[in-house]
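# Close look at the chain arrangement
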Amino acid sequence: MRPAKALLDLDAARHNLARVRELAPNSRVMAVVKANAYGHGASLMAHALESSVDALAVACIEEALALREAGIRAPILLLQGVFSPDEINIAADTGFWLTIHSERQLCWLEGARLSAPVPCWLKVDTGMHRLGVTPQAAAIFYQRLLACPNSLGQPVLSTHFACADATNPDNTLAQITCFNTIAAPLNAPCSAANSAAILAFPQAHYDWVRPGYMLWGNSPFGINNPAHHQNLRPVMTLQSAVTAVRDIAPGEAVGYGNTWIATKAARIATVTIGYGDGYPRNALNGTPVLINGQRCPLAGRVSMDMITVDVSDIGPVRPGDTAVLWGESLPLAEVAANSDSIGYELLTRMPLRTPRIVASDHPSSGQLIR
Ligand SMILES: *Cc1c(COP(=O)(O)O)cnc(C)c1O
């Protein structure tokens, strides 16, 4: 078997969820497992966390149905609600919760004939200007939902922050003030916090928190932000192995386009992992790679199936030696910063080609996830 793989540590996921509980002890927790649980495997992660969360959230009904088919019983919120009225019937039949973010969606709900009413979250646009009803219209929408027989129980009032990961809190504080002004007279259960707000804005925890990224052990804050370290444990280790080692003379180039040129005699290790496996193609020369646990700089362009690493400054390197691309000792955020991206994107675009393997204490008994 080709050694390129994503090792998944389920204990780390449970540890990170415990961190959410510790940070937001008075809130219910909705684990966000959209986009295949940020590339980790939605079914696997939902099963690992289901017993310890109050609900799950996904982007669309296809993702929710896949979780039901995988045997997940927890309530599942559709974060963007439905894209057509017939999806409301599926939601009612299957136990999904709806986000209502627009007049159009509320009209669909009001006009629906359902097998059972559905719990609804009313989304308010407090400043991100992406989804949600206006602050001025929020009370009217809320009353309409309360009066709608297809809406079950008391709707949750929700919003989303644009800048909760920024060092300057002003934007988020303004959104919180706006949200509080809307929520106070409605006496509604509330939800606002994504991972960054769970970590940085305790006053925005409210009744429900919605962690995604931090559950997978990554800090949403930049690596140079003092708030970066949060006692989170990465769930994924992207790992492969050296398959060739060669010595090259000063002046020789490495890889497509000859973008890396040896300034002195150099030893180059080839690792079998590339952009076809989810390693970012635009990672710069010098991006750290762990070879046998030691940091070495990427040397030359990332190929589809391979990368080349300058191992001149570490001890002997042989084919078969381990290469870690990100994980416990090499933060995903650092690789992302070296490739003009964010960890969220690197994780969610990990292709199916890369086998996801549940790590265990016994390497030979790791379980391959299909
Ligand atoms: C994706 C998403 C989240 C989770 O955000 P993280 O930064 O991954 O914690 C929370 N709420 C909404 C509405 C989302 O779309």
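Residues numbered from 1 in each chain as written. Predicted model: local features only at pLDDT ≥ 70, side-chain atom pairs only at ≥ 80, totals over all residues. Heavy atoms only, no water.

### Looking at the pattern of salt bridges
Operational definition: Each salt bridge in this description consists of a side-chain nitrogen of Lys or Arg and a carboxyl oxygen of Asp or Glu lying within 4 Å of one another. Strands here are runs of E lasting at least two residues and helices are runs of H or I lasting at least four, both read from the DSSP assignment and numbered beginning at the N terminus. Burial classes follow relative accessibility: with a 1.4 Å probe on protein chains only, a residue under 20% of its type's maximum area counts as buried, one over 50% as exposed, and anything between as partly exposed.
Overall, the coordinates contain 13 salt bridges when judged by the stated rule. Note that Arg2 and Asp277 form a salt bridge whose closest N and O atoms lie 2.8 Å from each other. Of this pair, Arg2 sits in the segment before strand S1 (5-8) while Asp277 is found in the loop between strand S13 (266-271) and strand S14 (288-291), placing the two residues 275 residues apart along the sequence. Residue Arg2 is classed as partly exposed on the basis of its relative accessible area of 30%. With relative accessibility at 1%, the residue Asp277 sits in the buried group.

### Thoughts on the site of the ligand
Rules: The near set for a molecule or strand comprises every residue that places at least one heavy atom within 4 Å of it. Polar contacts, as used here, are pairs of N or O atoms within 3.5 Å; protein pairs need one atom able to donate a hydrogen and one able to accept it. Residues neighboring in sequence count only if both atoms are side-chain atoms. Residues are sorted three ways: Asp, Glu, Lys and Arg are charged, Ala, Val, Leu, Ile, Met, Phe, Trp, Tyr, Cys and Pro are nonpolar, and all the rest, Gly among them, are polar.
Surveying the vicinity of the ligand reveals 13 residues, the closest of which are Lys34, Tyr38, Ser195, Tyr213 and Tyr344. Side-chain polar atom of Tyr38 to an oxygen atom of the ligand: 2.5 Å apart, as the coordinates give it. At 2.6 Å, a side-chain N or O of Tyr344 approaches an oxygen atom of the ligand. A class-by-class count of the residues in the shell around the ligand yields 6 nonpolar, 4 polar and 3 charged.

### Some thoughts on the nonpolar core
Condition: In this text, buried Ala, Val, Leu, Ile, Met, Phe, Trp, Tyr and Cys residues form a nonpolar core when linked through side-chain atoms within 4.5 Å. The contact criterion used throughout is that any non-hydrogen atoms of two residues lie within 4.5 Å.
Of all hydrophobic cores here, the largest spans 120 residues; its most connected members are Leu56, Leu109, Leu157, Tyr279, Ile291, Ile307 and Trp326. If we skip the residues at most four places from it in the chain, Leu157 touches Leu122, Val124, Tyr142, Phe179, Ile182, Ala183, Leu186, Ala188, Pro189, Cys190 and Ser191. Ranked by size, the runner-up nonpolar core spans 7 residues in total, among them Ile248, Trp260, Ala266 and Ile268.

### Here we look at the environment of Leu215
Counting through the fold element by element, Leu215 comes out in the loop between strand S9 (208-209) and strand S10 (236-248). Residue Leu215 is classed as buried on the basis of its relative accessible area, which comes to 0%. Each residue touching Leu215, except ones within four places of it in the same chain, is listed here: Ala13, Asn16, Leu17, Val20, Ala31, Val32, Leu49 and Val235.

### A word on the pairing of strand S7 (residues 151-158)
To keep things clear, this is the line we draw: We treat two strands as partners when DSSP finds at least two bridges between them. With its strands directed away from the observer, a crossover is right-handed exactly when the path from the first strand over the helix to the second travels clockwise.
For strand S6 (residues 118-123) and S7, the ladder comprises 5 bridges, and the chain directions are parallel. Bridge assignment links Lys123 to a residue of S7, and that residue is Ser158. For the segment spanning S6, helix H7 (residues 138-147) and S7, crossover handedness is right-handed. Pairing analysis gives 2 bridges linking S7 to strand S8 (residues 190-191), with the strands arranged parallel. Its bridge partner lying in S8, Leu157 is registered against Cys190.

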